[in-house]
Amino acid sequence: MFKIGARDLGIDLGTANTVVYVKGKGIVVREPSVVAIEKGSNRIIAVGNAAKEMIGRTPENVIALRPMKDGVIADYDTTTAMMRHFIKEAQKKGAFGSKPYVMVCVPSGITPVERRAVIDAAKEAGARDAYPIEESLAAAIGADLPVWEPTGSMIVDIGGGTTEVAVISLGGIVTSHSIRIAGDEMDRAIIHYVRRHYSLLIGDRTAESVKMVIGSSTDTEEISTIDIRGRDMLTGLPKIIEMPREEISNALKDKIDYIVETVIKTLETTPPELASDIMERGIVLTGGGALLKNLNNILHEETKIPVFVAENPLDCVAIGTGKALDQIHLFKTASK
C-alpha cells in the first residue's frame, strides 16, 4: 500500500504549455513547454518562459525547441530535463520534499510505448512513481463534470498538439477520438495564409499572438483589423500589413471544421442513453482552443446541443490531473 501525500503533483504536460498542480496548494507552475539548448554540448540554457522568449531570436549555437509534439514526447532527454525543472519549481513553491507521486496527463490516442515514455520521463525527472491519466478524463474532472456518476458527460479539450473529444460515464471513457489538429495547427494555418495571400513570412509566436487577439472569445467586437509584422518575401525587408479579422477566421476554417466533424463522429458512436444525457447537459469545451471566438456557437449550430465553455478552460486538465490523485488507486494497474 502507498499513501498519497498533500504535496504530490498533477502535471499537464502539454505540447505548448506545462501546468503543475500541487495537492493542497493548487496550480503553482504555468510555463511554456520550451527548452533552449546549446548546440554541440546539448547544455540546457533556459526552460519555460525564458526559453520561449528566445524562439526565433537565438544565435547559431543556441536552439529553442519544444520537446513535446502532438501531445507526446518527441525528444526524451530534453523532456526529462524540462520536467525536472518544473518539478523543482513546484517544490520551491509547494514547500515539500523530494520524490513526490506524480499524476501526468496523456492523449487518449497514444501508443503503449509513448505512454511508457511519459512514465519513465517523470520518474527520471524526480517522481517517486508516475501514473498516466487521459487528458479528456482529466479535463472533465477539472471542469467539475459528474464523471464518477452513471450519466453521460461530453468534453472537448482543444490543447496545443491534440484535440480530445470524449464521452465519459462511471469514471471511464465510453467513446473518444483524439486528433492532432489543435492550437499549433491553427498557428501554422495562419502562417501559411499570410504567406500565400500577403507574401509575408511570420513566425510561430506572431501567429499565436494573432490567433489570441483576433480569435479570442473575449471582447474583440471593436477590433476589425490587426497589424502583422514579418519579412516581405519579395524584398527581404521587414514589413507591416493590416489584416481584417474575417481573414483570420477564413485561415482557421478548415481546422475548425475538422474539430466539428470529430465531435459529430464521437456523438454518432455514443450509446443512446448517454446521448440523451448529453442532449440535456450539453457539451463542455476546455483547453486554450475553447477561447476561440464563436466556436461554441458553431458547435451548437452543427450538433443542436448546448455547448458551454468551462469556467477555467486553460487550467481544467491540470486541475483534474491533480484532483485525480485522490483516485490514484484506479490508475495504478493501468500504468504498469
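These numbers come from a predicted model, not from an experiment.

(A) Representation of the overall build of the protein chain in the model. Within the protein chain one finds eleven helices and 18 strands. Relative to a compact globule of 336 residues, whose C-alpha radius of gyration would be 20 Å, the protein chain shows 20 Å and is just as compact. The C-alpha extent of the protein chain, read off along each of the three principal axes, is 65 × 55 × 35 Å. Here the protein chain holds 336 residues, and the buried ones make up 52% of them. Surface accessibility of the protein chain: about 15500 Å² in total, with carbon and sulfur atoms responsible for 50%.

(B) Molecular detail of the nonpolar core. Counting residues in hydrophobic clusters, the biggest one holds 39 residues, and the most contacted among them are Met 154, Ile 190, Val 194, Ile 202, Ile 228, Val 263 and Ile 283. When residues in this core are grouped by element, the largest group, eight residues, is from helix α7 (residues 245–268). In this structure, this core is formed jointly by two domains, domain 2 (139–180 + 257–314) and domain 3 (183–251), each of which donates at least three residues. Apart from residues lying up to four places away in sequence, Val 194 is in contact with Ser 199, Leu 200, Ile 202, Ile 228, Ile 241 and Met 243. In this structure, Leu 9, Phe 86, Val 106 and Ile 110 belong to the second largest nonpolar core, which totals 29 residues.

(C) Geometry of the state of the cysteines. Counted according to the given criterion, the structure contains zero disulfides. Take Cys 105: it sits in no disulfide, and the sulfur closest to it among the cysteines is that of Cys 316, at 12 Å. The buried category is assigned to Cys 316, whose relative accessible area is 2%.

(D) Here's a closer look at the packing of helix α4 (residues 135–142) against helix α10 (residues 316–323). Where α4 contacts α10, the axes come no closer than 6 Å and their chain directions differ by 90°. Comparing the axis directions of α4 and α10 gives the class roughly perpendicular. Contact with α4, carried on its side by Glu 135, Ala 138, Ala 139, Ile 141 and Gly 142, involves Cys 316, Val 317, Ile 319, Gly 320, Thr 321 and Lys 323 of α10 and no other residues of that element. Of the residues contributing to the contact of α4 with α10, the split by class is six nonpolar, three polar and two charged.

(E) Focus on the sheet that holds strand β12 (residues 163–169). Taken in spatial order, the five strands make up an open sheet running β13-β12-β11-β17-β18, and their pairing is mixed. One side of each edge strand has no neighbouring strand; the edge strands of this open sheet are β13 (172–179) and β18 (307–309). Across the sheet, the axes of successive neighbouring strands diverge by a mean angle of 20°, strand direction being ignored. Here strand β17 (residues 283–286) pairs with β18 via three bridges, running parallel. Note on β18: the bridge partner recorded for Leu 285 is Val 309.

(F) Representation of the pattern of salt bridges within the structure. What the rule picks out here adds up to 15 salt bridges. Between Asp 326 and Lys 23 there is a salt bridge, with the nearest N and O atoms lying 2.4 Å from each other. Remark: Lys 23 occurs in the loop between β2 (17–22) and β3 (26–32) and Asp 326 occurs in the loop between α10 and α11 (329–332); sequence separation between them is 303 residues. A relative accessible area of 49% means that Asp 326 is categorised as partly exposed. Through salt bridges with shared partners, a single ionic network connects Glu 185, Arg 188 and Lys 255.

(G) Local environment of the sheet that holds strand β10 (residues 129–134). The strand order β3-β2-β1-β9-β10 describes an open sheet built from five strands, whose pairing is mixed. Edge strands, defined here as strands with exactly one partner in the open sheet, are β3 and β10. The sheet shows a mean angle of 20° between the axes of neighbouring strands, taken without regard to direction. Strand direction decides the pairing type here: strand β1 (residues 9–13) and strand β9 (residues 101–106), joined by three bridges, are parallel.

(H) Representation of the environment of Ile 44. Relative to the assigned elements, Ile 44 resides in strand β5 (residues 43–47). A sequence separation of 23 residues divides Ile 44 from Tyr 21, and the C-alpha atoms of the two residues are 24 Å apart. Leaving out residues up to four positions away in the same chain, Ile 44 has contacts with Val 35, Ala 36, Ile 37 and Ala 81.

About the criteria used
Residues numbered from 1 in each chain as written. Predicted model: local features only at pLDDT ≥ 70, side-chain atom pairs only at ≥ 80, totals over all residues. Heavy atoms only, no water. Helix = DSSP H or I, 4+ residues; strand = E, 2+ residues; numbered from the N terminus. Rg over C-alpha atoms; globule rule 2.2 N^0.38 Å. Buried < 20%, exposed > 50% of the residue type's maximum accessible area, 1.4 Å probe, protein only. Areas by Shrake-Rupley, 256 points an atom, 1.4 Å probe, with all protein chains shown as cover. Core = buried A, V, L, I, M, F, W, Y, C linked by side-chain atoms within 4.5 Å. Domains from an automatic or database assignment. Contact = heavy atoms within 4.5 Å. Disulfide = S-S within 2.5 Å. Axes fitted to C-alpha atoms, helices over the stretch in contact; angles between N-to-C directions. Parallel < 35°, antiparallel > 145°, perpendicular 65-115°, else oblique. Nonpolar A, V, L, I, M, F, W, Y, C, P; charged D, E, K, R; others polar. Pairing = 2+ DSSP bridges. Salt bridge = Lys/Arg side-chain N within 4 Å of Asp/Glu carboxyl O.

Functional significance is not addressed by these values, which are geometric in nature.
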